[in-house]
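Fold and geometry: a report
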Amino acid sequence: QTRQPVRLSGDLAAAALAQAIDLSAGQPLVRAGAAPATAYLGVPLLLGEHVVGALVAHTADEAAPFSDRQERLLAAAAGQAAVALDNLQLYEQAR
């Protein structure tokens, strides 16, 4: 919504609700047999001013929420992914 990264920790459902963020859209925070996630980092996939998706990471490691460095790394990967998706779309249109 804001085209900004989202970083949450602790009770993710409560933290997301407090910021009016919907974490339910295809982003499971609990896998069968795994501990529930306690830290969440999501960065938008941007093409110009348009959000075309998100790159998301989450962890159950309570002692290590995501750092600024990890956010920058995920944002860089999201930028490259957005360019690759745009190139794929252009390639498909040219075919």
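Residues numbered from 1 in each chain as written. Predicted model: local features only at pLDDT ≥ 70, side-chain atom pairs only at ≥ 80, totals over all residues. Heavy atoms only, no water.

**So, the overall build of the protein**
Put simply, the test is: In this description a helix means any DSSP run of H or I spanning at least four residues, a strand means any run of E spanning at least two, and both kinds are numbered starting from the N terminus. Using a 1.4 Å probe on the protein chains alone, a residue whose accessible area is under 20% of its type maximum counts as buried, one over 50% counts as exposed, and one in between counts as partly exposed. A contact between two residues is defined here by any heavy atoms of the two lying within 4.5 Å. Reported accessibility uses the Shrake-Rupley method at a 1.4 Å probe radius. Residues are deemed covered only where the shown protein chains occlude them.
Looking only at helices and strands, one finds two helices and three strands in the protein. Counting helices and strands in the order they occur from the N terminus, the protein gives β-α-β-β-α. A total of 95 residues make up the protein; the buried ones form 21% of that total. A separation of at least 24 residues holds for 52% of the contacts in the protein among residues at least 6 apart in sequence. Carbon and sulfur atoms form 55% of the exposed surface of the protein, whose accessible area is close to 6600 Å².

**Thoughts on the pattern of salt bridges**
To be explicit about the condition: What makes a salt bridge here is a side-chain nitrogen of Lys or Arg within 4 Å of a carboxyl oxygen of Asp or Glu, nothing more.
A complete count under the given rule lists four salt bridges for this structure. Between Glu-49 and Arg-3 there is a salt bridge, with its nearest N and O atoms 3.2 Å apart. Taken together, the residues span a long stretch of sequence, with Glu-49 in the loop between strand 2 (39–47) and strand 3 (50–59) and Arg-3 in the segment before strand 1 (6–9) at a distance of 46 residues. Under the relative-accessibility criterion, Glu-49 is labelled exposed at 57%. Between Arg-7 and Glu-71 there is a salt bridge, with its nearest N and O atoms 2.7 Å apart. Separated by 64 residues along the polypeptide, Arg-7 in strand 1 and Glu-71 in helix 2 (residues 68–94) bring together distant segments of the chain. The structure contains a network of salt bridges with shared partners spanning Arg-7, Asp-68 and Glu-71.

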